[in-house]
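Fold and contact review
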Amino acid sequence: MTDLILRPFTSDDTDWLVEQHGQLYARDEGFDESFGELVRKILVAFNAEHDATRETGWIAEENGQRLGSIFCVSAGKATAKLRLFLLTPEARGKGLGKRLLTTCMEYARSKGYSEMVLWTHESHRAACALYRAFGWTLEDSKPVRSFGVDLVEQHWRISL
């Protein structure tokens, strides 16, 4: 991945990110359209009201092709929330997830957050393994019915 860059998310990335989440999660996990709708709602709110001094998102690109994303948003004065961590299939297994996660966590530290949290599903095994390898702790896990499928929802936390 020689020409790989991480650049700031812009509102022009919204439709692509909604489409990628919707398509990939439908294909890989059977999620219904409500997942893409949730991603759009998150991004519309981010575009309209995020605090640019404490919140940001990144898009990974190689030769102009978008390959992934990650966001750091506020969940309180001392707590940052990791959101919308995504890698397209062609980007997986190349260390890009580690780079995105490192960038997001370093950003949170630099903005004075003392901890980070995230919400995910047990079925996202590669991401969960990465969180664990970076020192995140699984705080809570419970069965839910979301996005048209039965899932195990997880909440993770790390001190920065």
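Residues numbered from 1 in each chain as written. Predicted model: local features only at pLDDT ≥ 70, side-chain atom pairs only at ≥ 80, totals over all residues. Heavy atoms only, no water.

1. Here we look at the pairing of strand β7 (residues 149-159)
Rules: Between any two strands, pairing holds if DSSP finds at least two bridges. Where helices and strands are cited, they refer to DSSP runs of H or I of at least four residues and of E of at least two residues respectively, numbered from the N terminus.
Bridge count between strand β5 (residues 115-121) and β7: seven bridges; the pairing is antiparallel. Looking at the pairing, H121 lines up with E153 of β7. With nine bridges connecting them, strand β6 (residues 137-146) and β7 associate as antiparallel partners. The partner of S146 across the bridge, within β7, is V149. Hairpin geometry of β6 and β7 is characterised by an intervening segment of two residues between the two adjacent antiparallel strands and by a positive phi of about 55° at F147.

2. A closer look at the sheet that holds strand β3 (residues 65-74)
Put simply, the test is: The axes used here are C-alpha line fits, helices contributing only the stretch in contact, and every angle between their N-to-C directions lies in the interval 0 to 180 degrees.
Reading across from one edge, β1-β2-β3-β4-β5-β7-β6 is the order of the seven strands in this open sheet, with mixed pairing throughout. Either end of the sheet is taken by a strand with one partner, and the two such strands are β1 (4-8) and β6. Going across the sheet, the axis of each strand differs from the next one's by a mean of 20°, ignoring polarity. Pairing of β3 with strand β4 (residues 79-87) involves six bridges; the strand directions are antiparallel. Looking at the pairing, S69 lines up with L86 of β4.

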